[in-house]
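Reading the structure
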Amino acid sequence: MFATIARFCVGHRRGVLAAWILLILMGDAASLPLSKHLTNAAGGSSESARGASILDRASPVGPGAVILVQGAPVDAAATRARVAVLTAKVDRLPQVTGTVNAYTSPDPRLRARDGRASLIVVSLRKNASTTDQSSAVAAMRADARGAVPGARVLVGGDAAVTADMNSSLQHDLFMGALVSFPILLIALLFIFGGLRAALLPVIGAFATMTGALLALLGISYLTSLSQLVLDVVLLFGLALAVDYGLLMVNRFRETRAAGADITGAVEHTGAIAGRTVAFSALTVATALSGLLVFGDPTFTSVAISGIATVLFALATALTLIPALLAAWGARLTAARRQRGEDRFFFRLARRIQRRPWLAAVGVSAVLVAVALPFLHANYGNSDPRTLPLASESRHVALALAADFPGMRADPISIVARIPASDPRIPAYAAKLAHQPGAAAVSLEHLHGNVAAIDVTPAGITQGATAQHLVATLRAHRPHFQTWVTGSAASLVDFKNQITQRLPYALTLIVLATFILLFLVTGSVLIPVKALVMNTLSLGAVFGALVWVFQDGHLSHLLGFQPFGTIEAWVPVVVFVFAFGLSMDYEVFLLSRITEAHDEGRDTNHAVATGLQRSGWIITSAAFLVLIVFLGFAAGHSLGVKEFGLALAVAVAHRRHPGPLHPGARNHDPARPGELVGSRPVAAPAPLHRPTRNTSALGRRHRHAWRSTVSHR
């Protein structure tokens, strides 16, 4: 089948290339409308999600904004006059429905404890789009710049946090691509020694990303998608397309070096490398499908975008790359013929085969040691602290927490479908004021006979005290129906959801991966070995994640400020992505080992030969993918930074095969030295040197920090 596809692409290369050019143009045009369809809003069926939905519908205004005036005496006449002028200017902005400041409201919470800072609380129009909210925030910041002499005036709050998170994401995407593409191209030039060969994987990556964006635009009309899908498409599109393009081009050059003409080399590449790429893509897509089991809207978005990217990476490898090889094949230099097999990777395998258990135990012990920090992992959801250090909304959030009692961001909200005037509501609120762990309690009067009691927990918003308070409020409810929501409640629900659904996701991923690897190799032992080594490697990745981002090691080098947690969504998403990528390299290696075995070599010799034939290309692919992921680890958004670095560590761990590969032993006494159950693949036709050329070629941005400074 794969040879037939390659043959079709050779014979109709102009049509194939024209179709891909059209698809690329359409995908490029789809990027802008897609970005407008993406959302930061959370959803789902958890209690916190249902409570947040009731609050959103009942609230008379949209996400609020907070203007912090810091550094000037609040009671000074000049400060008061300047704040009044700024408040009036902000109140006239199109999306603003109301403003209140420390001078027009008797609420003491609008003044800092030291008397040198105050707040202007801004209400925005309900149901305003994310773009309109961002425009309003930008206008406020323009008005605030220099508005109060002697004071620093900053804009924060819900709308500002959302705008800053989106801006940070866009910046990271742009800078990640800006850094990755040229470095990838330079590295490919060194690997292939020619511009055209180096361009092929890059063209494949660009086609993969634009094709995935076009597909996601269509999907966005059917279901809501998270802002993370753009990160997933860019990260995974670059990684997989470069992997697959590198494999296809390398196999083509090897086949040409063996004496094949262009047509024969492309067909052979499609038949052998195309089959490997197809199994690899199925393995990666299977791992990503595990995210669908959780039923979380953000995970679903990541899974959909990841699977779409994988399928387009497969399509480019099976159609676009063969068409380009047919068109440019005469100008591509052939690979150098290997001078025997006794080279670096072959010798490495032979050394390990002499003491396989020593190597296995040694490497496993190191991986387990690196994984140990994961045992004390703490989880959190996105909040302003995950924003870049220079972000205005981050500074405002920290100032609220430090200087404005009762105004700290994101309380625990108890929502009831009862008007706040009902005597049961204030009675329950008074009772909660004495609840251990509650620092402050206030009432919200909302539309639609809905009341909300805001309970500010002691300590940090999503800390252990806050999570324990959520559990207590849910365990001891009043005599009317309530929904407990807020970021702490959302974190509790998310962790419970992961705990409940994780066994099903793991079962799906492990079984499907085992079946696919069995189909590739025909062996039972090899898939089991691969799964065990993958588990150890991923444990080390998670340990490194905690050691760096939770414990704060290397924080100065990576440019972030640790606060004792890691993003709750990161380990789950990293698991499926890293698992898929690790199996990607596993399939590459096992395919070459199987080929060597089918040529008549015994098991140990086939392993060493397969490693020699694939070791350089796997290492090169891993190095290129490492460039991509490190480019995003250098971003400003902490979640993306965690994601990029964790995947980079995962790829670095798996750039060479696990120690059990070379140590594989025969257990079939009738066939000494052979892989038991190895499944032969059809051998390619003999290659003859032609006398002439016969060719005709990614929530958890969450609902971003519901404001406690809503206009009351």
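Basis of the calculations
- Residues numbered from 1 in each chain as written.
- Predicted model: local features only at pLDDT ≥ 70, side-chain atom pairs only at ≥ 80, totals over all residues.
- Heavy atoms only, no water.
- Helix = DSSP H or I, 4+ residues; strand = E, 2+ residues; numbered from the N terminus.
- Buried < 20%, exposed > 50% of the residue type's maximum accessible area, 1.4 Å probe, protein only.
- Phe/Tyr/Trp six-rings, centres within 6.5 Å; stacked < 30°, edge-to-face > 60°.
- Lys NZ or Arg CZ within 6 Å of the ring centre and 35° of its normal.
- Core = buried A, V, L, I, M, F, W, Y, C linked by side-chain atoms within 4.5 Å.
- Contact = heavy atoms within 4.5 Å.
- Pairing = 2+ DSSP bridges.
- Axes fitted to C-alpha atoms, helices over the stretch in contact; angles between N-to-C directions.
- pLDDT = per-residue confidence, 0-100.
- Expected span 1.5 Å × (residues − 1).
- Patch = residues over 30% accessible without salt bridge, like charges linked within 9 Å, V, L, I, M, F, W, Y side chains within 5 Å.
- Areas by Shrake-Rupley, 256 points an atom, 1.4 Å probe, with all protein chains shown as cover.
- Salt bridge = Lys/Arg side-chain N within 4 Å of Asp/Glu carboxyl O.
- Parallel < 35°, antiparallel > 145°, perpendicular 65-115°, else oblique.
- Nonpolar A, V, L, I, M, F, W, Y, C, P; charged D, E, K, R; others polar.

1. Some points on the overall build of the protein
Of the regular secondary structure elements, the protein holds 21 helices and 10 strands. When the 712 residues of the protein are sorted by exposure, 57% land in the buried category.

2. Notes on the packing of aromatic side chains
Following the criterion strictly, the structure yields 9 aromatic pairs and no others. Consider the rings of F236 and F577, whose centres lie 4.4 Å apart with planes at 65 degrees: the pair is edge-to-face. Pair noted here: F236 is in helix α8 (residues 228-257) and F577 is in helix α19 (residues 569-598), with a separation of 341 residues, a long-range link. Assessed through its relative accessible area of 1%, F236 is described here as buried. Relative accessible area serves as the criterion here: at 1%, F577 is assigned to the buried category. Aromatic rings pair up to connect F236, W569, F577 and F643 into one cluster. Its end group placed over the ring of W328, R196 keeps NZ or CZ at 5.9 Å from the ring centre.

3. Some thoughts on the nonpolar core
Grouped together as the largest cluster of nonpolar side chains are 150 residues, with contacts concentrated most on Y244, F299, V574, F577, L624 and F629. Excluding residues within four positions of it along the chain, Y244 makes contact with V277, S280, A281, V284, A313, L314, A317, D584 and F588. L93, V122, A136 and V155 belong to the second-largest nonpolar core, a separate cluster that totals 23 residues.

4. Considering the sheet that holds strand β6 (residues 412-416)
Strand order across the open sheet formed by 4 strands is β7-β8-β6-β9, with antiparallel pairing between neighbours. Two strands lie at the open edges of the sheet, namely β7 (438-445) and β9 (483-485), each paired on one side alone. Within the sheet, the average angular offset between the axes of one strand and its neighbour, ignoring direction, is 20 degrees. Inspection of the sheet shows β6 paired to strand β8 (residues 451-457) by 5 bridges, in the antiparallel sense.

5. Describing the environment of A458
Here A458 is to be found in the loop between β8 and α15 (464-475). A relative accessible area of 33% means that A458 is categorised as partly exposed. On a C-alpha basis, the gap between A458 and G437 in space is 5.4 Å, while along the polypeptide they are 21 residues apart. Here A458 is in contact with G437, A439 and T465, once residues within four sequence places are set aside.

6. Observations regarding the confidence of the model for the protein
For the protein, the mean per-residue pLDDT works out to 81, and 89% of the residues sit at or above 70. Counting interchain partners and residues more than four positions distant, the pLDDT-below-50 stretch residues 656-712 has 174 contacts.

7. Things to note about helix α17 (residues 525-550)
An ideal rise of 1.5 Å per residue puts 38 Å on 26 residues; α17 measures up with 37 Å between its terminal C-alpha atoms. Along α17, 20 of the 26 residues are buried, which leaves the element largely enclosed by surrounding structure. Backbone geometry just downstream of α17 places G552 in the positive-phi region, at approximately 90 degrees.

8. Here we look at the pairing of β7
Judged from the 7 bridges that link them, β7 and β8 form a sheet pairing that is antiparallel. Following the sheet pairing, S442 is matched in β8 by D454. The antiparallel pairing of β7 with β8 creates a hairpin that spans 5 residues between the two strands, and G448 there sits at a positive phi of about 70 degrees.

9. Some thoughts on a nonpolar patch on the surface
A cluster of nonpolar side chains, namely F174, M175, L178, V179 and I183, defines an oily patch on the protein surface of about 420 Å² accessible area. Looking at where L178 falls in the secondary structure, it is placed in helix α6 (residues 158-192). Of the residues examined, L178 reaches a relative accessible area of 45% and is grouped as partly exposed.

10. A look at the pattern of salt bridges
Pairing between side chains of opposite charge can happen when the charged atoms of each approach one another. According to the stated counting rule, one finds 15 salt bridges in the structure shown. The closest approach of N and O atoms between R141 and E392, which form a salt bridge, is 3.3 Å. Within this pair, whereas R141 is found in helix α5 (residues 130-144), its partner E392 is found in helix α13 (residues 392-403), the two being separated by 251 residues in sequence. According to the relative accessible area criterion, R141 is buried, its value standing at 15%. Linking R424 and D422 is a salt bridge whose minimum nitrogen-to-oxygen distance equals 3.2 Å. Note on R424: relative accessible area 42%, which makes it partly exposed. One network of salt bridges, with partners in common, ties together E47, R474, R477 and D493.

11. A closer look at the pairing of strand β1 (residues 65-70)
The side chains of a regular strand alternate between both faces of the sheet. Counting buried positions along β1 yields 5 of 6 residues, so the element is predominantly enclosed. Looking at chain direction, β1 and strand β3 (residues 117-124) are connected through 6 bridges and run antiparallel. Each residue of the ladder has a partner; that of L68, found in β3, is L119. In this structure, β1 lies alongside strand β4 (residues 152-156), joined through 5 bridges in antiparallel fashion. The partner of V69 across the bridge, within β4, is V153.

12. Describing the packing of helix α16 (residues 487-521) against α19
One can describe the packing of α16 onto α19 by two numbers: an axis separation of 12 Å at closest approach and a directional angle of 5 degrees. With respect to their mutual orientation, α16 and α19 come out roughly parallel. When α16 is examined against α19, the residues F494, I498, L506, I509, T513, L517, V520 and T521 are found in contact with a partner set consisting of W569, V572, F575, V576, F579, M583, V587, L590, S591 and T594. Its residues assigned to classes, the contact of α16 with α19 shows 14 nonpolar, 4 polar and no charged.

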